[in-house]
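Here are the chains, one letter per residue:
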Amino acid sequence: MLVAVAPWASATDWQLSEHCPAGFQLDEGRCYFASLYSDYRSLQDSGVGGLKTGLPEIRDGFSPQQIDLGRLLFFDPLLSGDQSIACSSCHQPDKAFTDGLPLSRGIHNRLAARSAPSLWNVGFLKTLFWDARATTLEQQAEGPLYAEHEMGNTPEQLLSSLSQNAIYHELFAQAFPGMGLSLEAVYRALAAFEASLISLNSRYDLYAHGFHNALNAQEIAGMNIFRSFVARCAECHTPPLFTNQQLAVLGTPEPEGRALDIGAEGPTGDRSLRGGFKVPSLRNIELTAPYMHSGRFKSLRETVEFYTKGRGHAVPEGEHLSIHWHIWEPKLTDAELDRLVDFLRTLTDQSFMPIIPERVPSGLPVGGQTQHPSSLAMGDKP
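Each chain has its residues counted from 1, running along the sequence as written. Local features in this predicted model are restricted to residues of pLDDT 70 or higher, and side-chain atom pairs are both shown and tallied only at a pLDDT of 80 or more, whereas totals for entire chains, interfaces and linings draw on every residue. To obtain the side-chain values, all non-hydrogen atoms of the structure were used and water was disregarded.

(A) Just the overall build of the protein chain, in detail. For the protein chain, the count of helices and strands is twelve helices and four strands. A compact globule built from 382 residues should have a C-alpha radius of gyration of about 21 Å, and the protein chain, at 21 Å, falls within 12% of that. Taken along its principal axes, the extent of the C-alpha atoms in the protein chain is 65 × 50 × 35 Å. Exposed residues in this analysis have more than 50% of their type's maximum accessible area, buried residues have under 20%, and partly exposed residues fall in between, with area computed by a 1.4 Å probe over protein chains only. The burial tally for the protein chain puts 53% of its 382 residues in the buried class. The contacts in the protein chain between residues at least 6 apart in sequence include a share of 68% that link residues at least 24 apart. The protein chains shown are the only cover counted for residues, whose accessible areas, like all others here, come from Shrake-Rupley with a 1.4 Å probe. Only carbon and sulfur atoms are counted for the fraction: they give 52% of the accessible area of the protein chain, which is about 17,200 Å². The positive count covers Lys and Arg only, the negative count covers Asp and Glu only, and His and the chain ends enter neither. Charged groups are reduced to one reference atom each: NZ for lysine, CZ for arginine, CG for aspartic acid, CD for glutamic acid. Each charge sign in the protein chain was given a centre, from 30 positive and 43 negative side chains, and these centres are 5 Å apart. Each helix is a run of H or I in the DSSP string that is no shorter than four residues. Each strand is a run of E no shorter than two, and both are numbered from the N terminus. What the globule rule says is 2.2 Å times the number of residues to the power 0.38, and the radius of gyration is computed from C-alpha atoms. The contact criterion used is simple: two residues touch if any of their non-hydrogen atoms lie within 4.5 Å.

So, in structure tokens, the structure goes:
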């Protein structure tokens, strides 16, 4: 049943931003990524480079208005089938755009199949979802919007809900002149906002750019273990994005009582990818517990320990998985595992956090929060 929400602001009260988010520069009405990493040569697909290694190509060139519209849509529960949750319900800013749950919860408290991955730096990613089944941010957006156990909407209902809102008509006209309100514009605006989420100013990044006092001795020791040919962490979690964007079969255990998740074998049909998942970025990993596709591990220490317990040690009986060749028996000591955790915590950075809107055009509680819209600030432009 849909919730009827009376408008509490007119369309003329809303104006989309004309400024690019932090990390982007405005050039002829479009926002383009700018970073010290832009001056470094990218070694993507060429192995593990030094600290001053460039990034893969980012998805940029959106207008400030498109990014800002995407921000409002991201926090608006109007996008869900029963208007109870928003994109931000499962991708919460204070949890590095995850939700802190082993498996996410959708409308009617339905259980999702996997944990919610972080959205920081998704503009650099070539494939999306744990099983890499989407190749664009627009394609990815359609997944949770229309999945019955997630946002539970339909294309027809989504377009109808937005079309009945005078504010959104005005905002889409600002963001997409000549195109206006359409499903294609909805997906593009969400993509624009998500691609603007940049996290590249951690203490590790300061160290990589030459400010070596940014890390202490224990953290540097952890970085050296991370990059070593014994631990081999950097082979898959390649700096500076801290992912090589590939699929890997690790043999991680499922939570007790759950059957093996076949992972990338599903969308690809490739038996060698059974139990395989995308190598996630480790950016802001300190904030995204629990870990793995199923949220199996509660702490970073428990997670790094998995990799030193032996190749295939957690594969269910009767399963024959093609474990990635980097998974072996490094036999790291407790002290070395502790140093790895120390280093991983240096990757935390949410300094370019977008402004969370105080209100959204639907008048619904922002991000599916419980407070009534009337408790929010009135008259402030988003």
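(B) Layout of the side chain of Asp349. You can see Asp349 is positioned in the segment after helix H12 (334-344). This buried residue, Asp349, is left without a salt bridge; Arg283 holds the nearest opposite charge, at 5.9 Å. Of the polar contacts made by the side chain of Asp349, one reaches the backbone nitrogen of Leu200; its length is 3.2 Å. If we skip the residues at most four places from it in the chain, Asp349 touches Ser199, Leu200, Asn201, Ser202 and Asn284. The rule for a salt bridge is simple: a side-chain nitrogen of Lys or Arg has to be within 4 Å of a carboxyl oxygen of Asp or Glu. N or O atoms closer than or at 3.5 Å make up a polar contact, with two conditions inside protein: a donor-capable atom paired with an acceptor-capable one, and, for residues adjacent in sequence, both atoms drawn from side chains.

(C) The pairing of strand S2 (residues 30-33), seen in detail. Side chains Cys31 and Phe33 of S2 all project onto a buried face; the interleaved residues Arg30 and Tyr32 project onto a face where none is buried. Pairing analysis gives four bridges linking strand S1 (residues 24-27) to S2, with the strands arranged antiparallel. In the strand pairing of S2, Leu26 is matched with Cys31. Note: two strands are recorded as paired if DSSP finds a minimum of 2 bridges between them.

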